[in-house]
Amino acid sequence: MADIRIEKLAELLVGYSVGVKPGDKVAIVAPAIAAPLTRAIYAKVLQAGGFPWVMASSADTMELLYRYGSREQLEYVHEGQRLITEKYDVRIVIIGEENTKALSRIDPAKMVIYDQARTELTDAMMRRSAAGELRWVLAPYPTNAFAQDAEMSLGDYEDFLYKACLPDLVDPIGYWQKVATEQERIVQWLKGRDQVHVIGPETDLRLSVAGRTFINCAGKFNVPDGEVFTGPVEDSAEGYVYFSYPAIESGREVIGIRLHFSQGRVIKATAEKNEDFLLKTLDTDAGARYLGEFAIGTNEGITQFTREILFDEKIGGSFHMALGAGYPETGSRNKSAIHWDMVCDLRDGGEIRVDGELLYRNGKFVI
């Protein structure tokens, strides 16, 4: 029997998140395991008058490329990738891994080569997104691999995933519209502010958001959602931060990350596990050691760490920062081939002050 939640999620993504209109060229990038959701999205796009094109994504083929590909092959960008990034109106990406560790033994230097070759594509996507020319959304599909990472059964994980994406199954669009209204209060309070000071366990970090715009995230670019974010002034970060949650990237779990900033740049980085991967990724390009994002998670429905950043960065009571590329709509000018989100729990004694005023304490807004 078909799961009605799949239909509801497809409806939310197509009708609300990206708002497909007649004539829109729509790329649907999804793995084979997510076929039930892909079919539902495809049908909804057709019903909305769009022109859907499905592209397969696979960790298996990426592993083969990294293992056997020459430098020339790693750097080659296919015309289809360029076409979607530069010409399509909508991009819907579904994540659903069968093996989240498929790339965990790949030489990180090869990943750096691959990412560096796609800097231009990343820039184009962010530029078109900021201009409203490309509407996109990233959403999950439940798999055994994701469930194992979250230490749940598949059935429990499905319930967790759909509850996070569709807290109100009857009216999911209305729910996310209410979230947008609630978060707008925070965005307006932050408008025109300058100095942000984050304090927590092994964390004392200052950065500037002067002249930058905070974005209200409520189901338009990510599902599930729940955060407010901006791009910090590039040379402003000073101090140090300890990320209490593991940072996951390309199947690598980097644990116990500690970063020290001076004039906006990471000048020292250590990790308790996979430090070599961390350091090589930070050397991807000139922008990789600068912050592209500062954000506060607001989704109280995501109560546990799952090892999937789409959920973990939204955890209510946390903040996260991304090294690398910033979103132009925030005012960020940082460019990089990477955008690596790292999450820190602030529910035990953490606080955020803005221009000296208390905004956030022990994982709760106090304004």
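Details of the structure are given in the entry above.
This section reports on the structure supplied with the text. (Residues numbered from 1 in each chain as written. Predicted model: local features only at pLDDT ≥ 70, side-chain atom pairs only at ≥ 80, totals over all residues. Heavy atoms only, no water.)

1. Observations concerning the nonpolar core
- L259, F261, F294, M321 and I352 are the most contacted members of the largest nonpolar core, which has 48 residues in total.
- For this core, the element with the most residues is helix α10 (residues 172–190), which contributes four residues.
- If sequence neighbours within four positions are ignored, L259 has contacts with G239, Y240, V241, F243, V266, K268, A269, L323 and M342.
- L13, V14, V26 and V343 belong to the second largest nonpolar core, which has 46 residues in total. (Core = buried A, V, L, I, M, F, W, Y, C linked by side-chain atoms within 4.5 Å. Buried < 20%, exposed > 50% of the residue type's maximum accessible area, 1.4 Å probe, protein only. Helix = DSSP H or I, 4+ residues; strand = E, 2+ residues; numbered from the N terminus. Contact = heavy atoms within 4.5 Å.)

2. Considering a nonpolar patch on the surface
- Together, Y42, L46 and V54 make up an exposed nonpolar region whose accessible area comes to about 240 Å².
- Tracing the sequence through the fold places V54 in strand β2 (residues 51–56).
- Using a relative accessible area of 36% as the deciding quantity, one classes V54 as partly exposed. (Patch = residues over 30% accessible without salt bridge, like charges linked within 9 Å, V, L, I, M, F, W, Y side chains within 5 Å. Areas by Shrake-Rupley, 256 points an atom, 1.4 Å probe, with all protein chains shown as cover. Salt bridge = Lys/Arg side-chain N within 4 Å of Asp/Glu carboxyl O.)

3. Section: the packing of helix α1 (residues 4–17) against helix α9 (residues 154–165)
- Following both chains from N to C, one finds α1 and α9 inclined at 35°, their axes separated by 11 Å at the closest point. α1 and α9 meet at a crossing whose hand is left-handed. On α9, the residues that touch R5, I6, L9 and L12 of α1 are E158, D159, Y162 and C165.
- Taken together, the residues of the contact of α1 with α9 sort by class into five nonpolar, no polar and three charged. (Axes fitted to C-alpha atoms, helices over the stretch in contact; angles between N-to-C directions. Left-handed = near helix turned anticlockwise from the far one by under 90°. Nonpolar A, V, L, I, M, F, W, Y, C, P; charged D, E, K, R; others polar.)

4. Some thoughts on the pairing of strand β13 (residues 265–270)
- Where strand β12 (residues 258–262) lies against β13, five bridges are found, and the strand directions are antiparallel. Considered in β13, the bridge of H260 is made with K268.
- The loop that links β12 with its antiparallel partner β13 comprises two residues; one of these, Q263, has a positive phi angle of about 50°. (Pairing = 2+ DSSP bridges.)

5. Focus: the sheet that holds strand β3 (residues 90–95)
- Strand order in the open sheet made by the four strands is β2-β1-β3-β4, with parallel pairing throughout. Edge positions in the sheet fall to β2 and β4 (135–140), since each of these pairs with one other strand and no more. Averaged over all pairs of adjacent strands, the angle between strand axes in this sheet comes to 15°, irrespective of strand direction.
- Examined bridge by bridge, strand β1 (residues 25–30) and β3 share four bridges and lie parallel to one another. Along β3, the bridge assignment pairs I28 with I92.

6. Notes on the pattern of salt bridges
- Enumeration according to the criterion identifies 23 salt bridges in this entry.
- The residue R67 makes a salt bridge to E63 at a minimum N-O spacing of 2.9 Å. Placement of the pair is R67 and E63 together in helix α3 (residues 59–68), with a separation of four residues, close to one helical turn.
- For the salt bridge of R258 with E272, the shortest nitrogen-to-oxygen distance reads 2.9 Å. Placement of R258 in strand β12 and of E272 in the loop between β13 and α11 (275–282) is noted, with a sequence separation of 14 residues between them.
- Residue classification places R258 among the partly exposed positions, given a relative accessible area of 23%.
- Taken together, the salt bridges that share partners define one network made up of D3, R5 and D159.

7. Here's the deal with the state of the cysteines
- Under the defined criterion, the tally for this structure stands at zero disulfides.
- Here C165 is not cross-linked by a disulfide; its sulfur's nearest cysteine counterpart is in C217, at 15 Å.
- The structure places no disulfide on C344, whose sulfur is separated from the nearest cysteine sulfur, that of C217, by 19 Å.
- Judged by relative accessible area, C344 falls into the buried class, the value being 2%. (Disulfide = S-S within 2.5 Å.)

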